[in-house]
Amino acid sequence: MFSYIYGYHPVLMALEKSSLVKIKKVFLVENKHEKLLGQLKKAKIEYQYISLEKMNNLLQTSKHQNICAEVVSYHYFSLNEILNILPKNKFYRFLICDKITDPHNFGSILRIAAGNDFDCVIILSRNQAEVNAIVAKAAAGALSVIKICQVNNLSQIINFLQQKKFWILAADKDDKAVEYQNLKYDHHLGLIIGNEGHGISNNILKKADYLVTIPMSNEIESFNASVACGIIANNIYLKSKK
């Protein structure tokens, strides 16, 4: 269960009024992050000093930067919720995760999505890293700003998005794939990033409007899922601004 977030930036971002992560109580190691006390008092958020040992035991990690927060249960959005609140006069950018199981990768992907102005991240309800404290730390605050939609069936969601005039792009090394920088991205689009070890499922690949690839040296086989996501997502962001 997602009960805590830890690390300075995840907690700081969650203190914003607009944050999607809602804090119940903040815990601090004594004499650390005292500059936050005024902000906590202004936001009327309870805080408590605990020992370093207690925080290590509470979180089962020492990589917390002497701060953590108990949070309200995370709210996953439905796709209809997201579509209903998005402005009508823009091209939408959705990031679709096909079984991203490593929480550090997932957190990095959330950070990439937020940093490149994607509107949401779509994940499966199974065979997928869920939102937890490790993901929140890796996302470095992005969990507070990027909406996550959890679904049971990616194929059905892709069909639905295509009916809504989305182009579906799948990151893949297929010989027929288009180099990512050669597309215009002047439509609603969904970018699919596949599993760390197996890539995108065959049934999902077949549904893509375009396969996109990243030119790279023959010295290595492929990029890490979050690295590939970052390269393509940033190109989409830059071309969407023009």
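Here, every reference points to the structure presented above.
Counting of residues starts from 1 at the beginning of each chain's written sequence and follows it residue by residue. In keeping with the model being predicted, local features are shown solely for residues with a pLDDT of at least 70 and side-chain atom pairs are shown and tallied solely at 80 or more, while totals for entire chains, interfaces and linings include all residues. For the side-chain quantities, the full set of heavy atoms in the structure was used; hydrogens and water were omitted.

Asker: Sorry if this is basic, but what is going on with the pairing of strand 2 (residues 23-29) here?
Answerer: Successive residues of a regular strand alternate their side chains across the two faces of the sheet. Exposed residues in this analysis have more than 50% of their type's maximum accessible area, buried residues have under 20%, and partly exposed residues fall in between, with area computed by a 1.4 Å probe over protein chains only. Note on conventions: DSSP H or I runs of at least 4 residues are helices, E runs of at least 2 residues are strands, and numbering of each starts at the N terminus. Most of strand 2 sits inside the fold, with six of its seven residues counted as buried. Note that strand 2 and strand 4 (residues 67-71) share five bridges and pair antiparallel. The residue bridging Val26 from the neighbouring strand is Ala69, located in strand 4. Paired strands are those between which DSSP finds at least two bridges. By the bridge criterion, five bridges tie strand 2 to strand 3 (residues 46-50) in an arrangement that is parallel. If you follow Val29 over to strand 3, its bridge partner there is Ile50.

Asker: What's the story with the side chain of Arg93 in this structure? I'm lost.
Answerer: Its location among the elements puts Arg93 in strand 5 (residues 93-98). His is not counted, nor are the chain ends, whereas Lys and Arg count as positive and Asp and Glu as negative. Salt-bridge detection follows one rule: a side-chain nitrogen of Lys or Arg within 4 Å of a carboxyl oxygen of Asp or Glu. Comment: no salt bridge for buried Arg93; closest opposite-charge side chain is Asp119, at 6.6 Å. A contact between two residues is defined here by any heavy atoms of the two lying within 4.5 Å. Apart from the residues lying within four places of it in its own chain, the contact partners of Arg93 are Asp117, Phe118, Asp119, Cys120, Tyr185, His187, His188, Leu189, Ile236 and Ser240.

Asker: What is the right way to read the sheet that holds strand 7 (residues 147-151) from this model?
Answerer: Through backbone hydrogen bonds, the strands of a sheet pair up, either in parallel or in antiparallel fashion. With respect to topology, seven strands assemble into an open sheet ordered 7-6-5-10-8-11-9, the strand pairing being parallel. Only two strands of the sheet have a single neighbouring strand rather than two, namely strand 7 and strand 9 (178-179). Where helix 9 (residues 225-241) meets the sheet, it contacts strand 5, strand 8 (166-171), strand 10 (188-194) and strand 11 (210-213), and its direction lies at approximately 165° from that of strand 10. In this analysis, axes come from line fits to C-alpha atoms, helices being fitted only over the stretch in contact, and the angle between any two N-to-C directions falls in the range 0 to 180 degrees.

Asker: Please explain the pattern of salt bridges as it appears in this structure.
Answerer: A side chain with one charge can pair with a side chain of the opposite charge if their charged atoms come near. Overall, the coordinates contain two salt bridges when judged by the stated rule. Between Lys25 and Glu46 there is a salt bridge; the shortest N-O distance is 3.4 Å. Pair noted here: Lys25 is in strand 2 and Glu46 is in strand 3, with a separation of 21 residues, a long-range link.

Asker: Teacher, can you tell me more about the sheet that holds strand 3 here?
Answerer: The strand order across the open sheet built from four strands is 1-4-2-3, with neighbouring strands paired in mixed fashion. Each of the sheet's edge strands pairs with one partner strand only, and the pair in question is strand 1 (4-6) and strand 3. Strand-to-strand twist in this sheet, taken as the mean axis angle between neighbours without regard to direction, amounts to 25°.

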